[in-house]
Amino acid sequence: MKVLGIETSCDETAVGVVEDGRRLLANVVASQASFHAPYGGVVPEVASRRHVELLLPVLEEALRQAHCRPADLDAIGVTIGPGLAGSLLVGANLAKALSYAWERPLVAVNHLEAHIYANWLLPGDPPRFPALCLVVSGGHTELVLMEDHGQYRLLGRTLDDAAGEAFDKAARLLGLGFPGGPAIERIAAGQGRPRLRLPRARTRGAYDFSFSGLKTHVLRLVRGERGQAPPAPELAAAFQEAVVDALVARVLRAAEEHEVAEVMVVGGVAANRLLREELSRRCPLPVRVPPPALCTDNGAMVAACAWFRLTLFGDVAPLDVDVRPGLRLA
Ligand code: KG4
Ligand code: ZN
């Protein structure tokens, strides 16, 4: 059973094709990063207009790579939230049109759940439950216990900035490019263990996160409020270490308390090398992290998720389904 997955929740225009929920046939992503870079962040109005331009060529390329004609597809999955309303609408409307024209079921997908299902696209055995999922992206930082397919318990979330957002804001303060995560990672590389130690936030909920204090601290250092500003590579390395430390500490604690079978890390920030290395080094359980192309927003993860929703739960959305910018996972 072949499923098409459409993803336009933020600034990546993406379409993927997946067979039986696990076999990747195509994954085409048109990044809009260069359009948003001059603004230092995603501009919603720009993002939705670019989706309109890019989505059909991306769809055609995905079908070409998958060697699929429309008649070969069995269902259409699409992200309906969370995300930017205008961006979501572009993908949702294409998905509805295709579902109507090709007479295939439409499956409405939660973007965060789709990130988690990127793990089913990895070769080898599928993930085992209960699994602890760290969802770390530009818009979200959530620690979720996945007890089974479709069963999620939110253990903690960020109280202010998402981890990726913190990377993006810190990068801007350091005069680096957008997106900030890869830019910070690049200039921090080769720094070794930073001597500078930035503060770690304490949160009342044991598994909640907070990154806005860290960002303010970087701002003060950059402005020279604490003496001469440290060089950008050292600050970047210290910042990256502080974020990774906060993420890893909570994952380790939650994994132990909830006796999970394994840990999954998903979302754009999961592409971060230090995070991947620290988790594999410090976590006694198997840690699953998709390769970077499946960590950042993509259509294949949406297709995989849609296949599970359709085959396990018979989830089919009506053609008047609305987008839900504030949709939650649990
Ligand atoms: O999941 P994603 O592609 O889009 C959202 O749903 O938000 O995540 C994008 C976020 C951006 O904030 C970006 O700076 C961050 O992921 N990111 C990284 C890395 N690659 C992307 N953060 C840290 N290290 C990276 N290598
Ligand atoms: Zn995402």
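Higher on the page you've got the structure.
Residues numbered from 1 in each chain as written. Chains lettered and ligands numbered in written order. Predicted model: local features only at pLDDT ≥ 70, side-chain atom pairs only at ≥ 80, totals over all residues. Heavy atoms only, no water.

Colleague: An account of the sheet that holds strand β2 (residues 12–19) is requested, with residue identities and associated values reported.
Modeller: If you walk across this open sheet you meet the five strands as β3-β2-β1-β4-β5, and the pairing is mixed. Strands with a single pairing partner mark the edges of an open sheet, and in this sheet they are β3 (23–31) and β5 (106–110). Strand-to-strand twist of the sheet, defined as the mean angle between neighbouring strand axes without regard to direction, takes the value 20°. Here four bridges tie strand β1 (residues 2–7) to strand β4 (residues 75–81), and the two strands are oriented parallel to one another. Bridge assignment links Gly5 to a residue of β4, and that residue is Gly77. The strands touched by helix α2 (residues 44–65) within the sheet are β1, β2 and β3, with β2 carrying the most contacts at an inclination of about 25°. Across the face of the sheet, helix α3 (residues 85–102) comes into contact with β1, β4 and β5 while running at roughly 155° to β4. (Pairing = 2+ DSSP bridges. Helix = DSSP H or I, 4+ residues; strand = E, 2+ residues; numbered from the N terminus. Axes fitted to C-alpha atoms, helices over the stretch in contact; angles between N-to-C directions. Contact = heavy atoms within 4.5 Å.)

Colleague: So what's going on with the sheet that holds strand β6 (residues 131–136)? Residues and values would help.
Modeller: A sheet is described by the order of its strands in space; here five strands give the open sequence β8-β7-β6-β9-β10, paired in mixed fashion. Of all strands in the sheet, those with a lone pairing partner are β8 (151–157) and β10 (287–288), marking the two edges. With five bridges connecting them, β6 and strand β9 (residues 262–266) associate as parallel partners. Note on β9: the bridge partner recorded for Ala131 is Glu262. Sheet strands touched by helix α8 (residues 232–257): β6, β7 (141–148), β8 and β9. Its angle to β6, the strand with the most contacts, is close to 160°.

Colleague: Which residues make up the nonpolar core, and what are the values?
Modeller: Core analysis: the largest hydrophobic core is formed by 45 residues, its most contacted members being Leu132, Leu143, Phe211, Phe239, Val265 and Leu275. Listed by contribution, the elements that provide at least two residues to this core are β6, β7, α5 (163–173), α6 (180–188), α7 (212–222), α8, β9 and α9 (273–282). No other element matches α8, which puts 14 residues into this core. Not counting the four nearest positions on each side in its chain, Phe239 is found in contact with Ala166, Phe167, Ala170, Ile184, Leu198, Leu214 and Val218. Leu121, Ala131, Ala306 and Leu329 belong to the second-largest nonpolar core, a separate cluster that totals 32 residues. (Core = buried A, V, L, I, M, F, W, Y, C linked by side-chain atoms within 4.5 Å. Buried < 20%, exposed > 50% of the residue type's maximum accessible area, 1.4 Å probe, protein only.)

Colleague: Any details on the coordination of the zinc ion (ligand 2)? Residues and values, ideally.
Modeller: Coordination of the zinc ion (ligand 2) by the protein involves His111 (NE2), His115 (NE2) and Asp297 (OD), with metal-donor separations of 2.0 to 2.1 Å. Spacing between the donor residues of the zinc ion (ligand 2) along the chain follows H-x3-H-x181-D. One end of the pair, His111, is in helix α4 (residues 111–117); the other, Asp297, is in the loop between α10 (292–295) and α11 (299–313), and 186 residues separate them in sequence. Of the two residues, His111 and Asp297, neither departs from the other in class, the shared state being buried. (Donors = N, O, S within 2.8 Å, 3.2 Å for Na, K, Ca; no water.)

Colleague: Account for unusual backbone geometry, naming residues and giving values.
Modeller: Following Phe129, the chain continues into Pro130 via a peptide bond in cis, with omega recorded as -10°. Relative to the helices and strands, Pro130 resides in the loop between α4 and β6. Between Phe178 and Pro179 the backbone carries a cis peptide bond, its omega angle lying at -5°. Note that Pro179 resides in the loop between α5 and α6. Notably, His67 is not glycine yet its phi reads approximately 50°, a positive angle. Tracing the backbone through its elements, the reader meets His67 in the loop between α2 and β4.

Colleague: Describe α11, naming the residues involved and giving the relevant values.
Modeller: Here α11 contains 15 residues, and its C-alpha end-to-end distance of 21 Å stays within 8% of the 21 Å for a straight helix at 1.5 Å per residue. Burial analysis of α11 places twelve of its 15 residues in the buried class, the great majority of the element. The set of residues buried in α11 consists of Gly299, Ala300, Met301, Val302, Ala303, Ala304, Cys305, Ala306, Trp307, Phe308, Arg309 and Leu310. Near the N-terminus of α11, the side chain that reaches the backbone nitrogen of Ala300, with its oxygen 3.1 Å away, is that of Asn298. Just downstream of α11 lies Gly314, where phi reads positive at about 60°. (Expected span 1.5 Å × (residues − 1). Polar contact = N/O pair within 3.5 Å; in protein donor to acceptor, adjacent residues only side chain to side chain.)

Colleague: Go over the pattern of salt bridges with me, naming the residues and quoting the values.
Modeller: Taken as a whole, this structure holds 22 salt bridges when the rule is applied. The residue Asp161 makes a salt bridge to Lys215 at a minimum N-O spacing of 2.9 Å. Taken together, the residues span a long stretch of sequence, with Asp161 in the loop between β8 and α5 and Lys215 in helix α7 at a distance of 54 residues. Under the relative-accessibility criterion, Asp161 is labelled buried at 6%. Three or more residues are tied together by salt bridges with common partners; here these are Arg193, Arg200, Glu241, Asp245, Glu278, Arg281 and Arg282. (Salt bridge = Lys/Arg side-chain N within 4 Å of Asp/Glu carboxyl O.)

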